[in-house]
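Secondary and tertiary structure notes
Now for the letters of each chain:
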Amino acid sequence: MKRVVGLVAAGAFSLALVTGCSSSDNSSSETSSAAPTTTTSSDSATGSITVFAAASLKNSFTELGKEFESENPGSSVTFSFAGSSDLVAQITQGAPADVFASADAANMTKATDAGVVAGSPSDFASNTLTIVVPPGNPKGIASFADLAKEGTQLVICAPQVPCGAATKKVETATGETLSPVSEESSVTDVLNKVTSGQADAGIVYVTDAKSAGDKVQTVAFPEATTVVNLYRSAVLKDSKNSETATKFVDLVKGPKGLAVLSDAGFAAP
């Protein structure tokens, strides 16, 4: 009889030991010596994502993409840079993408209304316009009004593009009537027309002017402060890797992202 009791007690002890170990393993995934492997796999983003981003974000996002891949071994970020309106059109027509970063609120609203955005978009930066001219400023451009002078070869963004919509607002507010020789589909195309000598002046973002360095001369105009473009990002509903896409968006709006964007000349949202 004592032997039977002893076996039952031993069995109960063994069961308690097994149960205790199981409970310990489940609750110590973040604290036990085995935790780093589990935590790394859950916290580190893996797989590939495609980011559709406004052309003015090219330099900053390319740098952040490298930072993201460095922080998350096994991940890869592919970018498609273009005018925000073109990107919205591509996304709504089924182009595969995981993240959309717009240079204004209007185009992000278009994407949201079309039902392609998952959750709520995040504001992560802002930008303002400036005038760029060739080094030496041959035409003597000194103000927004000077852009309307006869004989000035002016290039601006098309109205549907964020930088073009902002330009139109300034034009309306000042009462000036601009007669551009070309309206481009992205702000980088405007900048290229000036740096290549095909235009006397162009209206771009301050960030684009900064990226061009000594290839252009900047002419600031006070009216630009009345039109500020707000940049927004969002994970897309049809993303095949929403977890990694979300982590990239978090990097962009986090301290490291803000630092990179600030260095490029972007202001806080």
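Residues numbered from 1 in each chain as written. Predicted model: local features only at pLDDT ≥ 70, side-chain atom pairs only at ≥ 80, totals over all residues. Heavy atoms only, no water.

Labelled according to an unreviewed UniProt entry, the protein appears under the name Putative molybdate ABC transporter molybdate-binding protein, originating from Rhodococcus erythropolis. Note on the protein: under the UniProt heading Sequence similarities (unreviewed entry), the record states "Belongs to the bacterial solute-binding protein ModA family." (UniProt positions renumbered as here; feature names shortened; annotations may be inferred.)

1. Re empty space enclosed by the protein
Over the atoms a probe the size of a water molecule is rolled, and this reveals where empty space is left. Scanning the model with the defined rule gives one cavity of 30 Å³ or more in all. For the largest cavity, the calculated volume is near 60 Å³. The wall of the largest cavity is formed by 13 residues, among which A54, A55, A103, V161 and V187 lie closest to the centre. Looking at the lining of the largest cavity residue by residue, the class counts come to nine nonpolar, four polar and no charged. Per-domain counts for the lining of the largest cavity show at least three residues from each of domain 1 (47-126 + 230-264) and domain 2 (127-226). (1 Å grid on protein atoms, 1.4 Å probe; cavity = no way out; pocket = protein on both sides within 12 Å on 5 of 7 lines; lining within 4 Å. Points joined across faces, edges and corners; volume = space filled by probe spheres on them. Nonpolar A, V, L, I, M, F, W, Y, C, P; charged D, E, K, R; others polar. Domains from an automatic or database assignment.)

2. Side note on the sheet that holds strand β4 (residues 117-127)
Strands sit in the order β2-β1-β3-β10-β4 across an open sheet of five strands; the sheet is mixed. Edge positions in the sheet fall to β2 (75-82) and β4, since each has one partner strand and no second. If you compare each strand with its neighbour and ignore which way they point, the axes differ by 20 degrees on average. For strand β1 (residues 47-54) and β2, the ladder comprises eight bridges, and the chain directions are parallel. Across the sheet, the residue bridging to V51 is F79, located in β2. Along the sheet, helix α4 (residues 84-92) contacts β1, β2, β3 (99-102) and β10 (229-236); its crossing angle with β1, the most-contacted strand, is approximately 135 degrees. (Pairing = 2+ DSSP bridges. Helix = DSSP H or I, 4+ residues; strand = E, 2+ residues; numbered from the N terminus. Axes fitted to C-alpha atoms, helices over the stretch in contact; angles between N-to-C directions. Contact = heavy atoms within 4.5 Å.)

3. A few points about the layout of surface pockets
When its volume is computed, the largest pocket comes out at roughly 330 Å³. Residue assignment for the lining of the largest pocket shows that the elements contributing at least two residues are α3 (58-71), α7 (187-195) and α8 (206-212). Here the lining of the largest pocket is composed, by residue class, of six nonpolar, eight polar and four charged. Here the lining of the largest pocket spans two domains, and each of domain 1 (47-126 + 230-264) and domain 2 (127-226) adds at least three residues to it. Residue lining of the second largest pocket: T50, I91, G94, A95, P96, A97, D98, V116, L236, D238, S239 and K240, and that is the complete set. Broken down by class, the residue content of the lining of the second largest pocket amounts to six nonpolar, three polar and three charged.

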